[in-house]
Structure formats: structure tokens, C-alpha cells
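One letter stands for each residue in the lines below.
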Amino acid sequence: MLRKFACLLAVGLIATAAQAQTYPDKPIRMIIPFPPGGGTDILGRLVSQKLTEANKWTVVPDNRAGAGGTLGITEAAKGKPDGYDMVMGQKDNLVVGPWLYKGLPWNPVKDFVAVAHVAWSPVIIATSANSKYRTLADVVAAAKAAPDTITYGSPGNGTTIHLAGDQFEKAAGIKLRHVPYKGSNPAMLDALAGNVDLLVSSVPSAMGQVKSGKLRPLAVTSAKRSSSLPDVPTVAESGFPGFDISTWYGVFMPAGTPRPVVEQMNAAVNKLLATPEMQKAIHDQGAEPQAMSADAFGKQLAADYHLWEKIVRDAGVKLE
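Just so you know, these numbers come straight off a predicted model, no measurement behind them.

Visitor: Run through the overall build of the chain, naming residues and quoting values.
Guide: For the chain, the count of helices and strands is 12 helices and 10 strands. Radius of gyration (C-alpha) of the chain: 21 Å, near the 20 Å computed for a compact globule of 320 residues. Counting every position in the chain, which comprises 320 residues, the buried fraction comes to 53%. When contacts within the chain are restricted to residue pairs at least 6 apart in sequence, those whose partners lie at least 24 apart make up 78%. Of the charged side chains in the chain, 32 are positive and 27 negative; the average position of the first set lies 2 Å away from that of the second.

Now the structure itself:
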């Protein structure tokens, strides 16, 4: 019996090793759980393109938007654990989403394997270049004088970006009026048109309009300044010490994907992140490239998942 088990185990190990040696031998689908144009889409397409160019693979972006990114994650969770279905995930859909939406058919820690961390980014608080608000202090003063009258747009209810706005309200002791949109681009268009007073957004989503001078950045929410926007102060520097909220982006595959495949993809992404070309491309989008081992990224996923339960609960946001 033991000899039979050992033989079966050996066959399984040989099959896994053989798969890793031939992987990939067909196109890989990169699910992007948001509409075109947002930060996740920009980085997902960038990674897909560069993996294709550098390795002669075929990595095909596939936008599956809806429900704060959780529809795309659900699609990825149904994928076969063979390395040919992967998803560009981030805090919104993998960490925050499960605490917002009841009955999601997956758990980020149990049903996915973290493959490769790509980048992190602060959230930016900005306003139209024509706005009367020139600093974050201007916003706080106006909000204290007239509570619940200043509006801010976000990519949607319960996103990390919305919750960053909520946490800022709490830190500043003010009440703003949140206006959720279905994605980053609609929120940005209304901010540019002056239909909302402020835009709270990922830096990659807003970077193009900031560079063009159409958006005026007021602050970023990370503990340190963004290297892409070195002249923009942090919320902490603007009078709220200790404020620190950022988001991350990374590649995930369904749980059960063979470890050699995970390690091969991790190595391929990390090799890209080490190139000046890729670093510049990510910086140009307003994000900060950061490579990690698959194990380290998995630990970060688990830690953030439990941390954000309290943030979501305190914000009182529940979605169907």
C-alpha cells in the first residue's frame, strides 16, 4: 500500500514538474475586474503587454467589471487552477469587497494564491484646476463652516478610495457628501466639470489629468509622498499625523495552481519590475513598483484582509 502511494505521489510530482517546464503553451487570460481607463486596468494591461513582449507568451487582458471589482474576482475564482486564468487584483476587490458584499462565493485567502505584487499607490484628493480650494486646509475650513455641503466623487461605494475619504472625514472631524460613481473615469469627468467639489481617486487613474494641469492635487493619503508627485503633501503633513492609507495591485491565480507555475510567474513579473523601462512606466502612471516573493505577498493579503474588516465595519457600509 505504501509503495502504491509513493508511486502515485511520484507520478503527481512528475506531472506537476512537466507542466511547469511546458508552461505556458497556450494563451493566458488576465482578468481585469474594472472598466477600461482606471488604475487597475492601466497596470493590468501594462503587465500583460510586457509579459507578452519579454517572454514571447500571449497574455490577453479581459475586462470583467461590476460590483466594485468583485464580479471579476468571482470570474477568476471559477477559473481552472492551471496557470491560464489570472487576475489583476487589488485591495478594493480582494480585501474590502468580502466585508461589503454578502454571500460572495470565495474567500481571498482560501480561494486564491498571491502570485506577484506589482505596485502600490496612495489615494489622491484633488479638485478641478478652476476650484476655489487650493489646499486641504481650505477644504477642512469650508466643511466645518458648512457641514455636508462639499461633495466628493469616488469610483464607488465601499471601494478603498471611498473608505479613504471616510477615514479622512473622521480624522478631520468634518462631514462631506460622498457621491459614488461606477468607476474612476465618470467620477473624474464630473470633478473636472465642477459637478462635484473634490475627486478622491487612485493616483494612476488621476495622473493624466494632474499632469495636464486640469486637476489640482491637494494631498495624498500614504505615510510618505508619492515619488510621482513629490510636490504634493501627504494628509499627515497637512495636519493629520499618522494618516496612512494606500492600495496595492498584484497578480492572483485560483487556489490549487501548481507551485512551480506560481513561482515561474512570480519570477517573470519580478524580472519585469527590475527593468528601468517597467519602473518608469509604473511611475508615469503614478504608482510605485514593488516586487515581492509569492509567500510575502500572500502574508500581506491575509494581514490586510483582517485589518480592513474593522475599517469597513466602522464606516457602516453594506452593499447587496
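Moving on from the model shown.
Visitor: Which residues make up the pairing of strand β1 (residues 28-32), and what values go with them?
Guide: With respect to burial, β1 is a largely interior element, 5 of its 5 residues being buried. For the crossover that starts at β1, traverses helix α2 (residues 39-55) and ends in the parallel strand β2 (residues 59-63), the hand is right-handed. Pairing analysis gives 3 bridges linking β1 to strand β3 (residues 85-90), with the strands arranged parallel. Considered in β3, the bridge of I31 is made with V87.

Visitor: Hey, could you go over α2 for me, with residue numbers and the actual values?
Guide: The end-to-end C-alpha separation of α2 is 24 Å, in line with the 24 Å expected for 17 residues at 1.5 Å each. Within α2, burial applies to G39, T40, D41, L43, G44, L46, V47, S48, K50 and L51. In the stretch just after α2, K56 is the one whose phi turns positive, near 60 degrees.

Visitor: Residue-level account of the pattern of salt bridges, with values.
Guide: As enumerated under the stated definition, the model contains 14 salt bridges in all. The partner of D85 in a salt bridge is R29, with the nearest N and O atoms 2.9 Å apart. Within this pair, whereas D85 is found in strand β3, its partner R29 is found in strand β1, the two being separated by 56 residues in sequence. Between D284 and K280 there is a salt bridge whose closest N-O contact spans 2.8 Å. Here K280 and D284 lie together in helix α11 (residues 276-284), a separation of 4 residues that amounts to about one turn. On the accessibility criterion, D284 (31% relative accessible area) is partly exposed. Taking relative accessible area as the criterion, K280 reaches 53% and is therefore assigned exposed. Taken together, the shared-partner salt bridges connect R29, D62, R64, E75 and D85 into one network.

Visitor: Describe helix α4 (residues 91-100), and please don't skip the residues or the numbers.
Guide: Among the 10 residues in α4, 9 count as buried, and that is most of the element. Two to three positions downstream of the cap, the backbone nitrogen of D92 sits 2.7 Å from a side-chain oxygen, assigning the N-cap of α4 to Q90.

Visitor: Can you tell me about unusual backbone geometry, naming the residues and giving the values?
Guide: Cis rather than trans, the peptide bond between Y23 and P24 has omega equal to -10 degrees. Following the sequence through the fold, P24 ends up in the loop between α1 (2-22) and β1. One non-glycine residue, K56, adopts positive backbone phi at about 60 degrees. With respect to the secondary-structure elements, K56 resides in the loop between α2 and β2. Positive phi is not limited to glycine here, since D148 has a value of about 65 degrees. When its relative accessible area of 29% is taken as the criterion, D148 is described as partly exposed.

Visitor: Lay out the side chain of S228 with the relevant residues and their values.
Guide: Position of S228 among the secondary structure elements: in the loop between β8 (215-220) and β9 (246-254). Judged by relative accessible area, which is 16%, S228 ranks as buried. Residues contacting S228, with those up to four places away along its chain left out, are M207, H283, G286, A287 and E288.

Visitor: Tell me what's going on with the pairing of strand β6 (residues 177-180), and back it up with residues and numbers.
Guide: Judged from the 4 bridges that link them, strand β5 (residues 151-154) and β6 form a sheet pairing that is parallel. Considered in β6, the bridge of G153 is made with V179. On the question of chirality, the crossover connecting β5 to the parallel β6 by way of helix α7 (residues 160-172) is right-handed.

Visitor: Can you lay out the packing of aromatic side chains for me, pointing to particular residues and giving the numbers?
Guide: Inspection of every chain in the model, using the stated rule, returns 8 aromatic pairs. Their ring planes at 20 degrees and their centres at 4.7 Å tell us that W99 and Y305 sit as a pair that is stacked. Note that W99 is positioned in helix α4 and Y305 in helix α12 (residues 294-315), a separation of 206 residues in sequence. Since its relative accessible area comes to 9%, Y305 is described here as buried. Centroid distance W248 to F297: 5.3 Å. Interplanar angle 80 degrees. Geometry classified as edge-to-face.

Visitor: Please set out the environment of R216 residue by residue, giving values where relevant.
Guide: With respect to the element layout, R216 can be found in strand β8. With 90 residues separating them in the primary sequence, R216 and A126 have C-alpha atoms 5.4 Å apart. Not counting chain neighbours up to four residues away, the residues in contact with R216 comprise I125, A126, T127, S128, A129, S131, Y133 and R134.

Visitor: If you had to explain the side chain of T70 to someone new, which residues and values would you point to?
Guide: For T70, the location among the structural elements is in helix α3 (residues 70-77). Residue T70 is classed as buried on the basis of its relative accessible area, which comes to 2%. In this view, T70 contacts N93, G97, Y101, L104 and W106; residues no more than four positions away in its chain are not counted.

Criteria and cut-off values
- In every chain, residue numbers begin from 1 and rise along the written sequence.
- Only residues with pLDDT of at least 70 are given local features in this predicted model, and only at 80 or more are side-chain atom pairs given and counted; all residues enter the totals for whole chains, interfaces and linings.
- As a rule here, side-chain values cover all heavy atoms of the structure and leave hydrogens and water aside.
- Each helix corresponds to a stretch of at least 4 residues labelled H or I by DSSP, and each strand to a stretch of at least 2 residues labelled E; elements are numbered beginning at the N terminus.
- In this treatment the radius of gyration is a C-alpha quantity, and the globule benchmark scales as 2.2 Å times the residue count to the 0.38 power.
- Relative accessibility decides the category of a residue: with a 1.4 Å probe and only protein chains considered, values under 20% of the type maximum give buried, values over 50% give exposed, and everything between is partly exposed.
- The criterion used for residue contact is that any of the two residues' heavy atoms lie within 4.5 Å.
- For the purpose of charge, His is not counted, nor are the chain termini; Lys and Arg are scored as positive and Asp and Glu as negative.
- Every charge is mapped to an atom, namely NZ of Lys, CZ of Arg, CG of Asp or CD of Glu.
- Here the term right-handed applies to a crossover when the path leading from its first strand over the helix to its second strand runs clockwise, the strands being oriented away from the viewer.
- For two strands to count as paired, DSSP must find a minimum of two bridges between them.
- What a helix should span is 1.5 Å times the count of its residues minus one.
- For salt bridges, the criterion is a side-chain nitrogen of Lys or Arg within 4 Å of an Asp or Glu carboxyl oxygen.
- Pairs of N or O atoms are called polar contacts if they sit within 3.5 Å, as long as, within protein, a hydrogen donor faces a hydrogen acceptor (for residues adjacent in sequence, only side-chain-to-side-chain pairs).
- What counts as a ring pair is set by centres within 6.5 Å for rings of Phe, Tyr and Trp (its six-membered ring), and what kind of pair is set by the plane angle: stacked under 30 degrees, edge-to-face over 60, tilted for all other angles.

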